[in-house]
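Chain and residue survey
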Amino acid sequence: MSTLMHVVGAAQGRRPFSCLIRNVRIVNVFNDTVSEGCIGLEGDRIAYVGPLEPPYEAAEVLDGGGCYALPGFVDSHMHLESSMLTPAHFARAALCCGTTTVAADPHEIGNVLGLRGVQALMDAARGLPLRVLMMAPSTIPSAPGFEDSGYSVGAAEAAELLDLPGVWGLGEVMDFRGVADGEERILSVAQEALRRGCIMDGHASLLTGRDLQAFRATGIDSDHTLRTAEKLEEELALGFTVQIQANALNRELVAAMNAAPVQDRICLVTDDVPLPRLMRQGHLNHVVTEAVALGLDPVRAVRFATINPARRLRLYDVGGIAPGMRADLQLVRDLRTPRPELVLCGGEVVCREGRLVKALPQPDLSDVLRSSVRCAPVRPEDLVIAAPAVGTALVNVIAQDGVSLHTTRVQRELPAIPGENGGAVLDSRGYLKMAVFNRYGKAQHGLALIEGMGQVRGAVALTYGHDAHNLTVYGGNDADMALAANAVIEAQGGICAAQDGTVRRCIPLPLAGLMSTLPPEELLEELTAFLADCEEMGFSHADLMSFFTIMPLAVSPEIKCTDRGLLDVAHKRFLPLIEKRKGEH
């Protein structure tokens, strides 16, 4: 780390720069300009920015070749675990995309292993060139009373998490309905963050009007779930920092972002980035590219991915190119589709031409994170849907369109037929069956039917999902569903495809049932083959992996299935799978 004496001396030309980057077009996020010049570094700090003619002295000179020089991207809301990678392997991929700082909410691993899981992830992220700011997960489980996970956060647990050395703030408060309704449990968690003066992240899906104002009144002042121009304008007027994900971007929203009279509380974020998207499309640079393609001013897009999130995170020496700021930089050829040719963290080159050039620490996480699946073997009979009597039954069904991840409740009349062991069972042919088994030692599971998937042959099971991370199984027949589920249980977490009594592919995720020990390229190869297997078996969706993981998410509108049963998310109530027999009132 450079001393101020050295930084000032280099700025004044009294001592050589440790590194001079010449021949670049510098994007200034402070005044929305682009100008040609040089960037002089002294150790991990920027000492000089602007035109600089020879003679000058520098220990190293890098020719930028006319590239744009941008600050490293800062992601103010994301989840490491969604990549299925260890922190070091994630850093390897994200750094090469120009991301140099992330604020990670570890509520995925928190749901599985609680405090010790969060601590293990923090330890694994320490010492990386990627700066990882860890948030304290706030809403575990995400829908108390409607699902079960391996941990539960109340005021006492929130205090423990917030007091872990290095924790940066309170992670997204997802129980938005509980906050708006003034429920004591979730407000006591927020109160612990308020006492400590922490950043408080929000998830204000479906809230507007007085409900949204009540949510904001707690001090929770960000939201990453908005999708409309109207919600953007409402939240900005209430003092929210709005965080826009790639899947929320549309032309109307981008036009509102361009037209907003105050621009410093708009951020671009990734939230969840599955590995195939990370490796093929990029990280925060992909969100920037998508926003620009929809009409966002390119320099403004850079600002929304650098200085704005840095200020949100109270990082006052990150996110811009100016003297005294940390030398987290990237050189890109095209401002509209930023793919860095060079990435520096703290003045040190870490990536060249999309390849990591710095060795990263790889701590062993197995002692803490293995053996997290406590679930009895699944039997085919556990998946049978009992009906009141032979005849016709009115069934609550999850409807999805094969493109978006939003679901709706529909009712269908389905036949009830005699079962193998007496009684009546529902004939669900033509629908995708879904089961969610509690993986934390409770003998309970929920069942649901999904329409819009067509005829599926075979089954898929996985412990990787969202939030509770129970064992979720999808399939066209009960035998294959049980086979896939048991393969995942035996692997102590993972993803499995089975068909015709044979396991086609099982990808172990031994670290908390969420993460692999494989490097990104090898894991991508496995996942690509898995998704190809799924398509062969008849699973069809524009974003199949996200479909698998969102269907059991208890805070995602409108209807989902948890280990406790079929859930009406908007109204926070359980629904019977079979509503009534035909003719009943």
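In the block above lies the structure referred to throughout.
This write-up is about the structure you can find in this document.

Rules used in this analysis
- Within any chain, residue numbers begin from 1 and follow the written order of that chain's sequence.
- It should be noted that, the model being predicted, local features are given only for residues of pLDDT at least 70 and side-chain atom pairs only at 80 or more, the latter also being counted only at that level, while totals for whole chains, interfaces and linings use all residues.
- Processing note: side-chain calculations cover all non-hydrogen atoms of the structure and skip hydrogens and water entirely.
- Think of it this way: any DSSP run of H or I at least four residues long counts as a helix, any run of E at least two long counts as a strand, and we number them from the N terminus.
- Radius of gyration here uses only the C-alpha atoms, and the compact-globule reference equals 2.2 Å multiplied by the residue count raised to the power 0.38.
- Burial classes follow relative accessibility: with a 1.4 Å probe on protein chains only, a residue under 20% of its type's maximum area counts as buried, one over 50% as exposed, and anything between as partly exposed.
- Here, residues are in contact when the closest pair of their heavy atoms is within 4.5 Å.
- With residues, only the protein chains shown are counted as cover, and all accessible areas are computed by Shrake-Rupley using a 1.4 Å probe.
- Lys and Arg are tallied as positive, Asp and Glu as negative. Neither His nor the chain termini are counted.
- For the purpose of locating charges, the reference atoms are NZ of Lys, CZ of Arg, CG of Asp and CD of Glu.
- Strand pairing requires that DSSP identify at least two bridges connecting the strands.
- Working convention: axes come from line fits to C-alpha atoms, limited for helices to the stretch in contact. Angles between N-to-C directions cover 0 to 180 degrees.
- Here the word oblique covers every angle except those under 35 degrees (roughly parallel), over 145 (roughly antiparallel) and from 65 to 115 (roughly perpendicular).
- The directions considered for the arc run from the helix axis to the C-beta atoms.
- Here, two cysteine sulfur atoms that lie within 2.5 Å of each other are counted as a disulfide.
- Here a polar contact means two N or O atoms within 3.5 Å. Within protein one must be a hydrogen donor candidate and the other an acceptor candidate, and residues neighboring in sequence count only if both atoms are side-chain atoms.
- Only Phe, Tyr and Trp rings are paired, with Trp represented by its six-membered ring, and only when their centres lie within 6.5 Å; those with planes under 30 degrees apart are stacked, over 60 edge-to-face, the remainder tilted.
- Placement of a charge over a ring requires the Lys NZ or Arg CZ to be within 6 Å of the ring centre, with the centre-to-atom vector within 35 degrees of the ring normal.

1. Quick notes on the overall build of the protein chain
Looking only at helices and strands, the protein chain has 17 helices and 31 strands in total. For the protein chain, the C-alpha radius of gyration of 25 Å lies close to 25 Å, the compact-globule estimate for 585 residues. Seen along its three principal axes, the alpha-carbon backbone of the protein chain occupies a region of about 90 × 50 × 45 Å. The buried share of the protein chain, reckoned over its 585 residues, is 61%. Contacts in the protein chain between residues far apart in sequence, at least 24 positions, make up 69% of those at least 6 positions apart. For the protein chain, the accessible area works out to roughly 21,800 Å², and carbon and sulfur atoms hold 50% of it. Counting 52 positive and 71 negative side-chain charges, the protein chain places the centres of these two groups 2 Å from one another.

2. Looking at the sheet that holds strand β12 (residues 241–244)
On the basis of which strands lie adjacent, the open sheet formed by 3 strands has the order β11-β12-β13 and parallel pairing. Each edge of the open sheet carries a strand with a single partner, namely β11 (222–223) and β13 (266–268). Relative to β13, β12 is paired through 3 bridges, and the arrangement is parallel. Pairing of Gln-243 across the sheet is with Cys-267, part of β13.

3. A few points about the packing of helix α8 (residues 229–237) against helix α9 (residues 251–259)
Two numbers describe how α8 lies on α9: the axes approach to 8 Å, and their chain directions differ by 30°. Comparing the axis directions of α8 and α9 gives the class roughly parallel. For the pair α8 and α9, the contacting residues are Ala-229, Glu-230, Leu-232 and Glu-233 in the first and Glu-252, Leu-253, Ala-256 and Met-257 in the second.

4. Things to note about the sheet that holds strand β10 (residues 199–202)
Read from one edge to the other, the open sheet built from 5 strands follows the order β6-β7-β8-β9-β10, with strand pairing classed as parallel. The sheet is open, and its two borders are formed by β6 (73–78) and β10, each paired with just one other strand. Strand after strand, the sheet turns through a mean of 30° between neighbouring axes, direction not considered. Bridge analysis of strand β9 (residues 167–173) against β10 gives 3 bridges, and the strand direction is parallel. Among the inter-strand pairings, Val-173 is bridged to a residue of β10, identified as Gly-202. Strands in contact with helix α11 (residues 284–293) are β6 and β7 (99–104); relative to β6, the strand with the most contacts, it is inclined by about 95°.

5. Focus on unusual backbone geometry
Residue Pro-141 is reached from Ile-140 by a cis peptide bond, and omega for that bond is -10°. Positive phi, close to 65°, is recorded for Ala-512, a residue that is not glycine. In this fold, Ala-512 is placed in the loop between β27 (502–508) and α16 (520–536). Under the relative-accessibility criterion, Ala-512 is labelled buried at 0%.

6. Concerning helix α1 (residues 4–11)
Two residues of an α-helix separated by three or four positions point the same way, owing to the 3.6 residues in each turn. Taken together, the buried positions of α1 are occupied by Val-7, Gly-9 and Ala-10. Each buried residue of α1 sits inside an arc of 165° when the element is viewed along its axis, so together they form one side. Counted as exposed and oriented over 90 degrees from the buried face of α1: Leu-4 and Met-5. In this fold, the buried residues of α1 make contact with β2 (33–42) and β3 (45–50). Just downstream of α1, Gly-13 is the residue with a positive phi angle, here 80°.

7. Quick notes on the state of the cysteines
By definition, a disulfide links the sulfur atoms of two cysteine residues through a covalent bond. Applying the stated criterion to the full structure yields 0 disulfides. Cys-96 carries a free sulfur, and the closest cysteine sulfur to it, the one in Cys-351, is 3.1 Å from it. Between Cys-267, a cysteine without a disulfide, and Cys-198, which holds the nearest cysteine sulfur, the sulfur-to-sulfur distance is 18 Å. Since its relative accessible area comes to 0%, Cys-267 is described here as buried.

8. Notes on the pairing of strand β24 (residues 459–462)
If a strand is regular, its side chains alternate between the two faces of the sheet. Covered by surrounding structure in β24 are Ala-459 and Ala-461 together with Val-460 and Leu-462, the residues of both alternating faces. With 4 bridges connecting them, β24 and strand β25 (residues 471–475) associate as antiparallel partners. Within β25, the residue paired with Ala-459 across the bridge is Gly-475. The sheet contact formed by β24 and strand β26 (residues 494–499) spans 4 bridges and is antiparallel. Bridged to Val-460 within β26 is Ala-497.

9. Some details on the side chain of Ser-76
Relative to the helices and strands, Ser-76 resides in strand β6. Only 3.1 Å separates the side chain of Ser-76 from the side chain of Gln-243, close enough to count as a polar contact. Ser-76 has contacts with Ala-103, Asp-201, Gln-243, Cys-267, Val-269, Pro-309, Arg-312 and Leu-313, leaving out every residue within four places of it along the chain.

10. Quick notes on the packing of aromatic side chains
Within the structure shown, the criterion is met by 7 aromatic pairs. Aromatic side chains Phe-215 and Phe-240 sit 6.5 Å apart centroid to centroid with 15° between the ring planes, which places their arrangement in the stacked category. Taken together, the residues span a long stretch of sequence, with Phe-215 in helix α7 (residues 209–217) and Phe-240 in the loop between α8 and β12 at a distance of 25 residues. Residue Phe-215 shares its accessibility class with Phe-240, and that shared class is buried. Grouped by ring-pair contacts, the aromatic residues Tyr-474, Phe-530, Phe-539, Phe-547 and Phe-548 constitute a single cluster. Positioned above the aromatic ring of Tyr-68, the side-chain terminus of Arg-25 is 4.1 Å from the ring centre. We note Arg-216 situated over the ring of Phe-240; from NZ or CZ to the ring centre the distance is 5.9 Å.

Everything listed is a geometric property; what it means functionally is a separate question.
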